[in-house]
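Working through the structure, step by step
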Amino acid sequence: MNLLPFFILAVFLFLIDYYVFQGIKTLTSTLNPFARNVIHVGHWLGYFILLAAVIYAFLSIGPDRQFSTFSKWAFNTFLTLVVTKLVFILVLFGEDMFRLVETAWNSYQKPKADNWMPERRKFVSQVGLALAAIPFSSFLYGVTKGKYNYKVIRETISFKDLPEAFDGFTITQISDVHSGSFDDPEEVKRGINLIKEANSDLFVFTGDIVNNVATEIEPYIDAFSEIKAPYGQFSILGNHDYGDYVAWNSEAEKKANLDRLKSNHAKMDFRLLLDENIKIEKDGQHIQLLGVENWGKGFGERGKLHKALADTSHTDFKVLLSHDPSHWDEQVKNNPNPIHLTLSGHTHGMQFGIEIPGFRWSPSKYRYPNWAGLAKHADRYLYVNRGFGFLGFSGRVGIWPEITVITLKKA
């Protein structure tokens, strides 16, 4: 067993807690000795308990990559506390920089004086504690309610060459269901009801129906099979759907899992597009709906766009389903056979960030230039859905689960 990752984790947590402890000492300086000692001991006891819980959670993950309830609790607690403590530390660090400058200035003014660094100010630690309560409460909401806080986001996109018959045509998109993470079937059904209430002309799903294995979606097949659209329900595969993150006993077993997953798409009445296209016809006109297997930088470059484009012309209006938005940057937006609209998912917006009018941020931006919402290059568009489910961190903070309703308009 490689113990290095656990050693690094222990040191990382210790450094964080040691810095936090400096603020705790300031905050408890006026308490009676017994209460102060209880809080100090409790702080370091919490460090050892959290470290042990996270290590045990890692070791308890089996070859099927399934997370137990305890593992989910441990990882959620770890992430919540680390982010909370980092905010507290940021305030303390700012004060430390000020204290250093103050000490240097005093030493310059009175070089022979006894210029020790000023003590920490209790008020600053109190401010840090108040600010740290914001991410703590946000994560607490995110792991209890936020992960099912479905948002219906509507976009209208205009195209000069959209066939007249499709002016006002609506498409509902969801992505990244990750059914293996669900822990509240009633909330999932509520999200599905929101999809149904959109009453769109076309429904599309852009990959990652499971976390790892085909059986994860099976308790929800009946619920998802209730989604119907006049012009059909279509889907593609995402990187998690292939079972690449599971230790299979053989390639045959892995293939059988993928075959079972494909049949589950059919049971939900989703027409799975595998590097192919289908003609959507309305009032004697048509658009081409294309779907590719997963193609993503660092996540498997399986999709063959040239196959999906086969038998389409440059004048066809085309909508592409491609799980990973990096595909749009690498192969789609400058393709000589123009694709008007690409629908993707994959990023989840990292399930964490800030989105307010005029400003949005997520750690996803450091990996994906287009991590959520609408992007445009020339006359070609990409929409990145924030995901219907959740993975790893069993919650969402600021980046809510999304149901997208897109209206196509004739410019």
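Notes on the structure follow. Bear in mind the structure is a predicted one, so any value in this text is a computation, not a measurement.

Remarks on the pattern of salt bridges
Under the definition given, this model contains 20 salt bridges. Put simply, Asp269 and Lys228 hold a salt bridge, and the shortest N to O gap is 3.0 Å. Here Asp269 is found in the loop between helix 7 (251-267) and strand 5 (271-272), whereas its partner Lys228 is found in the loop between helix 6 (221-224) and strand 4 (233-236), with 41 residues between them in sequence. According to the relative accessible area criterion, Lys228 is exposed, its value standing at 51%. Linking Arg271 and Glu276 is a salt bridge whose minimum nitrogen-to-oxygen distance equals 3.4 Å. For Arg271, a relative accessible area of 35% corresponds to the partly exposed category. Classification of Glu276 as partly exposed rests on a relative accessible area of 23%. What emerges from the salt-bridge pattern is a single network uniting Glu95, Asp96, Arg99 and Arg120.

Points about the sheet that holds strand 13 (residues 380-384)
The mixed open sheet is built from 6 strands, whose spatial order is 6-7-8-9-13-12. Each edge of the sheet is formed by a strand with only one pairing partner; in this case those strands are strand 6 (276-282) and strand 12 (373-377). Taken pair by pair, the neighbouring strands of this sheet meet at an average axis angle of 20 degrees, ignoring direction. Pairing of strand 9 (residues 341-344) with strand 13 involves 4 bridges; the strand directions are parallel. Each residue of the ladder has a partner; that of Leu341, found in strand 13, is Tyr381.

Focus on the nonpolar core
Membership of the largest hydrophobic core comes to 30 residues, with the highest contact counts inside it found for Ile174, Val188, Phe224 and Phe388. Among the elements of the structure, helix 5 (185-197), strand 3 (202-206), helix 6 and helix 7 are those that each provide at least two residues to this core. Residues within four places of Phe224 in sequence aside, it is in contact with Ile174, Val177, Val188, Ile192, Ile217, Met268, Phe270 and Phe388. Counting 24 residues, the second largest nonpolar core, distinct from the first, contains Ala165, Leu202, Phe234 and Leu289.

Re a nonpolar patch on the surface
There is a patch of nonpolar side chains on the surface, built from Leu4, Phe7, Ile8, Val11, Phe14, Leu15 and Tyr18 and spanning about 710 Å² of accessible area. With respect to the secondary-structure elements, Phe7 resides in helix 1 (residues 4-27).

Section: the sheet that holds strand 14 (residues 402-410)
Spatially, the 6 strands line up as an open sheet ordered 1-14-2-3-4-5, and their pairing is mixed. The open sheet has two edge strands, strand 1 (151-159) and strand 5, and neither has a second partner. The pairing of strand 4 with strand 5 spans 2 bridges and is parallel. Within strand 5, the position partnered with Ser235 by the bridge is Leu272.

Focus on the packing of aromatic side chains
A full pass over the atoms with the stated rule returns 27 aromatic pairs. Centroid distance Tyr148 to Tyr150: 6.3 Å. Interplanar angle 55 degrees. Geometry classified as tilted. On the basis of relative accessibility, which here comes to 7%, the residue Tyr150 falls in the buried class. Seen from their ring centres, Tyr148 and Phe390 are 5.8 Å apart, and the 80 degrees between their planes marks the pair as edge-to-face. Taken together, the residues Tyr148 in the loop between helix 4 (122-144) and strand 1 and Phe390 in the loop between strand 13 and strand 14 connect sequence positions 242 residues apart.

A word on the side chain of Ser344
Note that Ser344 resides in strand 9. Of the residues examined, Ser344 reaches a relative accessible area of 0% and is grouped as buried. Ser344 has contacts with Gln173, Ser175, Thr206, Ser322, His323, Asp324, Pro325, Leu382, Tyr383, Val384 and Asn385, leaving out every residue within four places of it along the chain.

Notes on unusual backbone geometry
For Gln351, which is not glycine, the phi dihedral falls at a positive 60 degrees. Within the chain, Ala378 stands out as a residue other than glycine whose phi angle is a positive 55 degrees. Inspection of the secondary structure puts Ala378 in the loop between strand 12 and strand 13. The exposed category is assigned to Ala378, whose relative accessible area is 57%.

Re the pairing of strand 13
Of all the 5 residues making up strand 13, 5 are buried; the element is thus mostly covered by neighbouring parts of the structure. The side-chain alternation of strand 13 yields two buried faces, one formed by Arg380, Leu382 and Val384 and the other by Tyr381 and Tyr383. Linking strand 12 to strand 13, which pair antiparallel, is a turn of 2 residues; within it Ala378 sits at a positive phi near 55 degrees.

Parameters at a glance
Residues numbered from 1 in each chain as written. Predicted model: local features only at pLDDT ≥ 70, side-chain atom pairs only at ≥ 80, totals over all residues. Heavy atoms only, no water. Salt bridge = Lys/Arg side-chain N within 4 Å of Asp/Glu carboxyl O. Helix = DSSP H or I, 4+ residues; strand = E, 2+ residues; numbered from the N terminus. Buried < 20%, exposed > 50% of the residue type's maximum accessible area, 1.4 Å probe, protein only. Pairing = 2+ DSSP bridges. Axes fitted to C-alpha atoms, helices over the stretch in contact; angles between N-to-C directions. Core = buried A, V, L, I, M, F, W, Y, C linked by side-chain atoms within 4.5 Å. Contact = heavy atoms within 4.5 Å. Patch = residues over 30% accessible without salt bridge, like charges linked within 9 Å, V, L, I, M, F, W, Y side chains within 5 Å. Areas by Shrake-Rupley, 256 points an atom, 1.4 Å probe, with all protein chains shown as cover. Phe/Tyr/Trp six-rings, centres within 6.5 Å; stacked < 30°, edge-to-face > 60°.

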